[in-house]
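What follows is each chain in one-letter form.
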Amino acid sequence: MKPIRNSAKAVLIRDGHILLTKNKDDKGYFYLFPGGGQEPKEELKDAVVRECLEEIGRRVQVGELLHVREYIGQNHQFAEWDADVHQVEFYFSCELIGVETGGFSGSNPDSAQVGAEWVEIAKLDEIRLYPDTISKLLQAGKNGPCYLGDTN
């Protein structure tokens, strides 16, 4: 099994919408929270800032920790290709810095990423969003802090 990996994610909410990265696989589009792996000697909040620049091309101000989620690949639907993955994800409330002009274009997007878009929170159940557990919390108006355990 690979070493446990920390990942820092941004929860960017504005006017009833959430900013997510849009990705594509063989089943169509799916959405993720902007963010990614923490690097050695990097604080989690700095990882969120760096990852947002890479994935959405925007600086963010990092706020409170909202959720902690574990993902143990062997326990979920993607076990066929990531059974050896164990990741701990930290979801932070964030705000975009500066005036928003144009779209979102990061300097180093993930390989499956095709863009980023604002998605209406009320319609999160109409898209594939990972982890689905957090979409349900957002729709219920429950926003941390809480430990979610091993969930997808």
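Summary of the structure given here. It should be emphasised that the depicted structure is a prediction, and the values quoted were computed from it without experimental measurement.

In the structure shown here, the tally under the stated rule is 11 salt bridges. Notably, a salt bridge pairs R128 with D25, separated by 2.7 Å at the nearest N-O pair. Of this pair, R128 sits in the loop between β7 (113–120) and β8 (129–130) while D25 sits in strand β2 (residues 17–25), and the two are 103 residues apart along the sequence. Since its relative accessible area comes to 29%, D25 is described here as partly exposed. Among the charged side chains, a network of salt bridges with common partners joins E39, E42, R50, E51 and E54.

For the rest of this paragraph, the subject is the side chain of Q87. Mapped onto the secondary structure, Q87 falls in strand β6 (residues 86–96). A residue is classified by how much of its surface remains accessible, and Q87, at 10% relative accessible area, is buried. Residues within four places of Q87 in sequence aside, it is in contact with R5, S7, R69, E70 and Y71.

Mapping H76 onto the fold places it in the loop between β5 (60–72) and α2 (79–82). Owing to a relative accessible area of 16%, H76 belongs among the buried residues under this scheme. With sequence-adjacent residues up to four places away left out, H76 is seen in contact with Y71, D150, T151 and N152. Polar side-chain contacts of H76 include one of 2.7 Å to the side chain of D150.

All right, on to helix α3 (residues 132–139) then. Looking only at α3, the buried set comprises I134, S135, L137 and L138. Along the long axis of α3, the arc covered by the buried residues comes to 160 degrees, so they all point the same way. Buried residues along α3 sit in contact with β1 (5–14), β2, β5, β6, β8 and β9 (146–150). Just past α3, the residue G141 takes up positive phi, approximately 75 degrees.

Bringing the layout of surface pockets into the picture now. Each pocket or cavity is described by its volume, and for the largest pocket that value is around 810 Å³. Along its surface, the largest pocket is lined by 31 residues, and F30, L32, W81, D82 and Y130 are the ones closest to its centre. At the level of secondary structure, the elements contributing two or more residues to the lining of the largest pocket comprise β1, β2, β3 (28–32), β4 (35–37), α1 (44–56), β5, α2 and β6. Looking at the lining of the largest pocket, its residues break down into 11 nonpolar, 8 polar and 12 charged.

Procedures and definitions
- Residues numbered from 1 in each chain as written.
- Predicted model: local features only at pLDDT ≥ 70, side-chain atom pairs only at ≥ 80, totals over all residues.
- Heavy atoms only, no water.
- Salt bridge = Lys/Arg side-chain N within 4 Å of Asp/Glu carboxyl O.
- Helix = DSSP H or I, 4+ residues; strand = E, 2+ residues; numbered from the N terminus.
- Buried < 20%, exposed > 50% of the residue type's maximum accessible area, 1.4 Å probe, protein only.
- Contact = heavy atoms within 4.5 Å.
- Polar contact = N/O pair within 3.5 Å; in protein donor to acceptor, adjacent residues only side chain to side chain.
- Arc of directions from axis to C-beta.
- 1 Å grid on protein atoms, 1.4 Å probe; cavity = no way out; pocket = protein on both sides within 12 Å on 5 of 7 lines; lining within 4 Å.
- Points joined across faces, edges and corners; volume = space filled by probe spheres on them.
- Nonpolar A, V, L, I, M, F, W, Y, C, P; charged D, E, K, R; others polar.

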